[in-house]
Amino acid sequence: MKKARILVTGGTGYIGSHTAVELINAGYPVVIIDNLSNSNRDVLDGIEAITGVRPPFVEGDCTDFDTLKKLFADYPDIKGIINFAASKAVGESVKKPLLYYRNNLNTLINLLDLMAPNGVRGIVFSSSCTVYGEPDQNPVTEATPRKNATSPYGNTKKISEDIICDTVAAGAPFKAILLRYFNPVGAHPSALIGELPNGVPQNLIPYLTQTAMGVRPMLSVFGNDYPTPDGTCIRDFINVVDLAKAHVVAVERLVEDKCLEPVEVFNLGTGRGVSVLELINTFEEATGVKVPHQFAPRREGDITQVWADPTRANTVLGWNADTPLADTMVSAWRWQQRLREKGIM
Ligand code: UD1
């Protein structure tokens, strides 16, 4: 049976591109829209090289209602949406809050507005563990209370969850799945797609791999006086391909009308907390490459520790993040090497 088409907004970005690959591998026709603000067209070559399929691509901005309206008219077989189109740098969001509220919220509202008239059955939303703030207890379940956001970026995730819940509760003829990601890392094992941050990376893994490559002289480990076993922060680092696969299962539930509730929420993590130092050690052991690093003061806004209880996703979605962290580190390193070969980094 022919599968329903899935609209992947932000589909040339980091998680979007890996998800497009997994959707195509699972037999879904997709269409990608991206404004290329934090990615480029070459990503389509990578997706095609991996899957043998070049997905149709619309260069456009999801904050523009008419662009999206035309897209739905051009692809009347879209039955599911996975919305990755959003700005995601925590620090930048503090400096440019309106950019974040405008981009992230207008995109979502436009999509929700266009779902009913176009017969779209469901939307998967990229939320984040940031909605839990600094949790009182770890691991966090989906029932762990959400806390006030510490950045406009985090607030857009919280508000977006609320917008979706309110819209569905008001009787919208579609359902939604909120996926709360922990820390996505690594790249496709082919090294044909991966993370390509603009400028100086803010996130740990791109900074680490660039330091290992010699692009940056030294990785700063922000804080070694946290109340954790080795004094550095603890996160739940989840392989990006594992993460992408969860989206395929989620969107399938929506388009095949298998959801148990109008809005379902899932934590996507490994269930294992790993400290920043442990991560550096895992990288060094897995790749045999040293990462020069030094301790630096705590970074403002960082939480001490958070990791997921992924039981719900494991049991309800039948999904597991089972790629070993060492393999994930090797994939991140291969991607960095590939960027060097291409003269990008
Ligand atoms: C943040 C956001 C998360 C978002 C993610 C990707 C919060 C609380 N978290 O995660 O929602 O999805 O970015 O944009 O808003 N570190 C260093 N040196 C570095 C870089 C990072 O030591 O050069 C440390 C940080 O202090 C932190 C850990 O590495 O303890 C992970 O940092 P990062 O990769 O930036 O992700 P988060 O801040 O956890």
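Remember, it's a predicted structure, so these values are computed and weren't measured experimentally.

(A) Structural view of the overall build of the chain. In terms of helices and strands, the chain carries eleven helices and 13 strands. Here the C-alpha atoms of the chain give a radius of gyration of 19 Å, agreeing with the 20 Å that 2.2 N^0.38 yields for 345 residues. The principal-axis extent of the C-alpha atoms belonging to the chain is close to 55 × 45 × 40 Å. By sequence separation, contacts in the chain at least 24 residues apart represent 80% of the contacts at least 6 residues apart. Accessible area of the chain: about 14600 Å², with a carbon and sulfur share of 51%. Each charge sign in the chain was given a centre, from 33 positive and 38 negative side chains, and these centres are 3 Å apart.

(B) Region of the structure containing helix α8 (residues 240-255). Along its 16 residues, α8 runs 23 Å from first to last C-alpha, staying within 8% of the 22 Å computed at 1.5 Å per residue. Burial analysis of α8 places 13 of its 16 residues in the buried class, the great majority of the element. Where α8 begins, the side chain of Asn239 points an oxygen toward the backbone nitrogen of Val241, at a separation of 2.7 Å. Within two residues after α8, Asp257 carries a phi angle of roughly 55°, on the positive side.

(C) How the structure looks around the sheet that holds strand β2 (residues 30-34). The seven strands lie next to each other as β3-β2-β1-β4-β5-β6-β11, forming an open sheet whose pairing is parallel. At either end of the open sheet lies a strand with only one pairing partner, and these are β3 (57-59) and β11 (263-268). Taking the axes of each pair of neighbouring strands and ignoring which way they run, one obtains an average angle of 15° across the sheet. Two strands pair when backbone bridges link them, and strand β1 (residues 5-9) and strand β4 (residues 78-83) are joined in this way by five bridges, in the parallel orientation. Bridge assignment links Val8 to a residue of β4, and that residue is Ile82.

(D) The packing of helix α7 (residues 204-213) against helix α9 (residues 276-287), seen in detail. Where α7 contacts α9, the two axes come as close as 12 Å, and the packing angle between them is 45°. Judged by the angle between their axes, α7 and α9 are oblique. Between α7 and α9 lies a crossing of right-handed hand. Between α7 and α9, the residues in contact are Leu204, Ile205, Leu208, Thr209 and Ala212 and Val276, Leu279, Ile280 and Phe283, respectively. Considered class by class, the residues forming the contact of α7 with α9 number eight nonpolar, one polar and no charged.

(E) Structural detail: the nonpolar core. Ranked by size, the top nonpolar core spans 40 residues in total, and within it Ile6, Leu23, Leu179, Leu268 and Trp319 carry the most contacts. At the level of elements, β1, α1 (14-25), β2, α2 (42-51), β6 (175-181), α8, β11 and α10 (311-317) are the ones that each hand at least two residues to this core. Among the elements that line this core, the one with the most residues is α8, at nine residues.

Cut-offs and rules
Residues numbered from 1 in each chain as written. Predicted model: local features only at pLDDT ≥ 70, side-chain atom pairs only at ≥ 80, totals over all residues. Heavy atoms only, no water. Helix = DSSP H or I, 4+ residues; strand = E, 2+ residues; numbered from the N terminus. Rg over C-alpha atoms; globule rule 2.2 N^0.38 Å. Contact = heavy atoms within 4.5 Å. Areas by Shrake-Rupley, 256 points an atom, 1.4 Å probe, with all protein chains shown as cover. Lys, Arg positive; Asp, Glu negative; His and termini not counted. Charge placed at Lys NZ, Arg CZ, Asp CG, Glu CD. Expected span 1.5 Å × (residues − 1). Buried < 20%, exposed > 50% of the residue type's maximum accessible area, 1.4 Å probe, protein only. Polar contact = N/O pair within 3.5 Å; in protein donor to acceptor, adjacent residues only side chain to side chain. Pairing = 2+ DSSP bridges. Axes fitted to C-alpha atoms, helices over the stretch in contact; angles between N-to-C directions. Parallel < 35°, antiparallel > 145°, perpendicular 65-115°, else oblique. Left-handed = near helix turned anticlockwise from the far one by under 90°. Nonpolar A, V, L, I, M, F, W, Y, C, P; charged D, E, K, R; others polar. Core = buried A, V, L, I, M, F, W, Y, C linked by side-chain atoms within 4.5 Å.

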